[in-house]
Amino acid sequence: MDLDSFKRELIRLRPTGEIGQIVLGFLAERLQAGRAGICMWDENAGVYATWTRAGQAGRTFRVFDPFLLFISDDDRIYWRRDLERYAWTESCTAADALRFFEDTDSEVLIPLALNQSLVAVVFLGGIGSSESAEALEAVFNEARSLAVMALSNSILYARLEGILGHLEEKVRERTRELESAQSQLVQSEKMAMLGVMAAGVAHEINTPSSVISGAVDNIEKNLAALFYSAEPEASPALREKLAELAPRVMMAVQDRTVRAPLSAFKRKRELGGAFESAGFPLPRDFAAFFVENGLFAPPEGAGEEAARDFLNDPLASALQAALAGVTERAAGYALRIVTEAGACARNVQNIRNAIRNIVRIVRALKSYSHLDQSEQTQADVREGLENTLVILGSVMKSVVEVERDYAEAPAIVCNPDELNQVWTNLVTNAYHALKGRANARIRIAVRPARLLDASAVAVTVADNGPGIPDKVLPRIWDPFFTTKDQGEGSGLGLGIVKGIVEKHHGRIDVTTSSERGTEFTVLLPVERRQST
């Protein structure tokens, strides 16, 4: 197969397996290779699976394989004979690469990556072609650019088909639920509330995502400064010592919560003086590094004695020993290395925290919707309240203070999705009542209780707003009655809340006054009674 035929074959949208076979056939024929295979990402299994021209080989590689992670970031053609020439890292060594070559019984590996995402790896062995390495690499690069686009299109199309199938099933499921719903008005109110929550979730996820994006960019710069900066006056011995110290610096900084103390300037001055007395090069600069990264954080008022004692800190001692007798310029090089290591550690910590926030938000959203639960299940009302607060958090953040007062309470048999709608309506109403007020506060309490001589749980949502006027109070449960501005409410919220609570054989009470605000108390039985 010539190159033009190869291009024509890959233009058509095909399954990934067919594309892999076309790529293998072209390269094996062109290189007269006795062995040819391809390692491709298997979405269902979550591994890289290997295929030869005869079919699936059974060999798999994990997504965290060091060599696969390395070539995702360093996309090039890899020859087994040239392993010692490549710039390996601590996370991927020549030994890891050699193991991959041996596992695939190959002489050359051709990564197929798109935007630093590894799609597949072609491996070839027993090459009989006499063409030069330059000529072969030109063929490889042309072939893999075409293969990457074809595989990416195939994978995206397969995912899209799966998503569409999943969406169609969800649409059918939701249609059945709507057909069995008691009231279209209830669903309309629920959809309106979901719109508010969707905006909140988008905002919440966007914030940690921005943190991750910025931190990754910073880490890239930090690592470039760490591993690729050079200083002629820095001896090989010093560079070796700094290579050992950099990971220690990163671990130490990650273990600290850095907050600039009020006495930061004083601490820098005291520590700088102690360093200068001990013959530490660039004492003021290194003192600033230790203070700003939280590595020197004695109690307030500890004084110069704490600074002198810090000279015995393991990291400070190791750094002082590494810098003994070096020039000021070499010391500046060392300062740059440890500073970048500290910055890298802080960015790694920021990424970890941001990912935790994303996981927390997504988990709350999934739990809030309860798409994977049956209608009746045992649930802790505190979990539902917390998920509601997470999703509404971006709306109320910095506007309303939320106080939680949760006592130990038993789980109840309920429909969590419906109860989440209750909590959403009550908290949103409290928030609207507090708009524009100073010291706005919502208090949410959970207590064990009794209802009709049976075990129950009481949930209270209270605000310190202006209260509900006496002439309005008797009508708050009526459908379509609302005191909100046009576009803010439909008047269905509290009517739906009352209906859901009564459906659960519970009770909802309200107390209100202009001095204390409004308090809704929901009483729900622990065991769901059968309707008669």
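Refer to the preceding data block for the structure.
Residues numbered from 1 in each chain as written. Predicted model: local features only at pLDDT ≥ 70, side-chain atom pairs only at ≥ 80, totals over all residues. Heavy atoms only, no water.

Asks: For this particular structure, what's the right way to read the overall build of the chain?
Replies: Counting its regular elements, the chain contains 15 helices and 13 strands. Counting the 532 residues in the chain, one finds 44% classified as buried. Within the chain, contacts between residues separated by at least 24 positions form 68% of all contacts whose residues are at least 6 apart in sequence. If you sum the accessible surface of the chain, you get close to 28,300 Å²; carbon and sulfur atoms cover 52% of it. (Helix = DSSP H or I, 4+ residues; strand = E, 2+ residues; numbered from the N terminus. Buried < 20%, exposed > 50% of the residue type's maximum accessible area, 1.4 Å probe, protein only. Contact = heavy atoms within 4.5 Å. Areas by Shrake-Rupley, 256 points an atom, 1.4 Å probe, with all protein chains shown as cover.)

Asks: Looking at this model, I keep getting lost on a nonpolar patch on the surface. Mind explaining?
Replies: Where nonpolar side chains cluster on the molecular surface, the patch consists of L160, I163, L164 and L167 and spans about 360 Å² of accessible area. Locating L160 in the fold gives a position in helix α5 (residues 133–179). (Patch = residues over 30% accessible without salt bridge, like charges linked within 9 Å, V, L, I, M, F, W, Y side chains within 5 Å. Salt bridge = Lys/Arg side-chain N within 4 Å of Asp/Glu carboxyl O.)

Asks: In this structure, what is going on with the packing of aromatic side chains? I would like to understand it.
Replies: Each aromatic ring pair is summarised here by two numbers: the centre-to-centre distance and the angle between the ring planes. Under the defined criterion, the tally for this structure stands at 16 aromatic pairs. Summarising the aromatic geometry, the rings of F70 and W88 are spaced 5.0 Å apart at their centres and angled 40° between planes, so their arrangement reads as tilted. With F70 in helix α3 (residues 66–73) and W88 in the loop between β4 (78–79) and α4 (94–104), this pair connects stretches of sequence that are 18 residues apart. As far as burial versus exposure is concerned, F70 and W88 are alike and both buried. Judged by centre distance (5.4 Å) and plane angle (55°), the ring pair of F280 and F286 falls under tilted. What links up through ring pairs into an aromatic cluster is the set F61, F67, F70, Y78, Y86, W88 and F100. For R81, the ring lying beneath its charged end belongs to W79, and the centroid distance is 4.1 Å. One residue, K498, lies across the ring of W477, its end atom 5.1 Å from the ring centre. (Phe/Tyr/Trp six-rings, centres within 6.5 Å; stacked < 30°, edge-to-face > 60°. Lys NZ or Arg CZ within 6 Å of the ring centre and 35° of its normal.)

Asks: Help me understand the pairing of strand β13 (residues 517–525) in this model?
Replies: With respect to burial, β13 is a largely interior element, eight of its nine residues being buried. As paired strands, strand β12 (residues 507–513) and β13 are joined by seven bridges and run antiparallel to one another. What sits directly across from I508, in β13, is V522. Between β12 and the antiparallel strand that follows it, β13, lie three residues. (Pairing = 2+ DSSP bridges.)

Asks: Just checking my understanding: could you explain the environment of E300 for this structure?
Replies: In this structure, E300 sits in the loop between α9 (283–292) and α10 (304–309). A relative accessible area of 54% means that E300 is categorised as exposed. For E300 and R267, which are 33 residues apart along the polypeptide, the C-alpha to C-alpha distance reads 9.4 Å.

Asks: What should I look at first to understand the environment of S72 in this one?
Replies: Mapped onto the elements of the fold, S72 is located in helix α3. The sequence separation of S72 and A120 amounts to 48 residues, and the corresponding C-alpha distance is 9.9 Å. Look past the residues within four positions of S72 in its chain and what remains in contact with it is Q116 and L118.

Asks: Even after reading the chapter, I still don't get unusual backbone geometry, so can you show me in this structure?
Replies: Excluding glycine, a negative phi dihedral is what most residues carry, and trans is how most peptide bonds are arranged. Although it is not a glycine, Q32 sits at a positive phi angle of roughly 55°. Inspection of the secondary structure assignment puts Q32 in the loop between α2 (16–31) and β1 (33–42). In this structure Q32 comes out as exposed when scored by relative accessible area, which is 52%.

Asks: How should the packing of helix α8 (residues 264–277) against α9 be read in this particular structure?
Replies: Angle between the axes and distance between the axes are the two parameters that describe a pair of packed helices. Direction vectors running N to C along α8 and α9 enclose 135°, while the axes themselves pass 8 Å from each other. Considering their axes alone, α8 and α9 lie oblique with respect to each other. For the pair α8 and α9, the sense of crossing is right-handed. Contacts from A264, R267, K268, R269, L271, G272, G273, F275 and E276 in α8 reach P283, R284, F286, A287, A288, F290, V291 and E292 in α9. Among the residues making up the contact of α8 with α9, the classes are represented as nine nonpolar, two polar and six charged. (Axes fitted to C-alpha atoms, helices over the stretch in contact; angles between N-to-C directions. Parallel < 35°, antiparallel > 145°, perpendicular 65-115°, else oblique. Left-handed = near helix turned anticlockwise from the far one by under 90°. Nonpolar A, V, L, I, M, F, W, Y, C, P; charged D, E, K, R; others polar.)

Asks: What is the right way to read α4 from this model?
Replies: Within an α-helix, residues lying three or four positions from one another point in the same direction, as the helix has 3.6 residues per turn. Residues A94, D96, A97, F100, F101 and T104 constitute the buried set of α4. Down the axis of α4, the buried set is contained in an arc of 165°. They therefore lie on one face. (Arc of directions from axis to C-beta.)

Asks: What's the story with the sheet that holds β12 in this structure? I'm lost.
Replies: Within a beta sheet, neighbouring strands are joined by backbone hydrogen bonds and run either parallel or antiparallel to one another. As summarised here, the arrangement of the five strands in space is β8-β10-β11-β13-β12, forming an open sheet in which the pairing is mixed. The sheet terminates laterally at β8 (401–406) and β12, the two strands that pair on one side only. Strand-to-strand twist across the sheet, computed as the mean angle between neighbouring axes with direction ignored, equals 15°.

Asks: Which parts of the structure should I look at to understand the environment of A45?
Replies: With respect to the secondary-structure elements, A45 resides in the loop between β1 and β2 (47–52). Taking the relative accessible area as the measure of exposure, A45 reaches 48% and is therefore partly exposed.

Asks: Honestly, helix α11 (residues 314–322) in this entry has me stumped. Any pointers?
Replies: Taken together, the buried positions of α11 are L315, A316, L319 and A322. All buried residues of α11 lie within an arc of 130° about the axis, which places them on one face of the element. By the N-cap criterion, in which a side-chain oxygen at the helix start approaches the backbone nitrogen of a residue two or three places on, α11 is capped by D313, the distance to L315 being 3.0 Å. (Polar contact = N/O pair within 3.5 Å; in protein donor to acceptor, adjacent residues only side chain to side chain.)

Asks: How should I be thinking about the pattern of salt bridges in this particular structure?
Replies: A side chain with one charge can pair with a side chain of the opposite charge if their charged atoms come near. Tallied over the entire structure, the rule returns 21 salt bridges. The partner of D82 in a salt bridge is R85, with the nearest N and O atoms 3.2 Å apart. By relative accessible area, R85 is classed as exposed at 66%. A salt bridge links E304 to R308; the shortest N-O distance between them is 4.0 Å. Of this pair, E304 and R308 both sit in helix α10, four residues apart, which is roughly one turn of that helix. Here R308 falls in the partly exposed class, since its relative accessible area comes to 47%. Shared partners join several salt bridges into a network, and the residues in it are R59, D65, R99 and D103.

Asks: Looking at this model, I keep getting lost on the side chain of T104. Mind explaining?
Replies: Within the secondary structure, T104 sits in helix α4. Within the structure, T104 has its side chain in polar contact with the backbone oxygen of F101 (distance 3.2 Å). With sequence-adjacent residues up to four places away left out, T104 is seen in contact with F61, L109 and F123.

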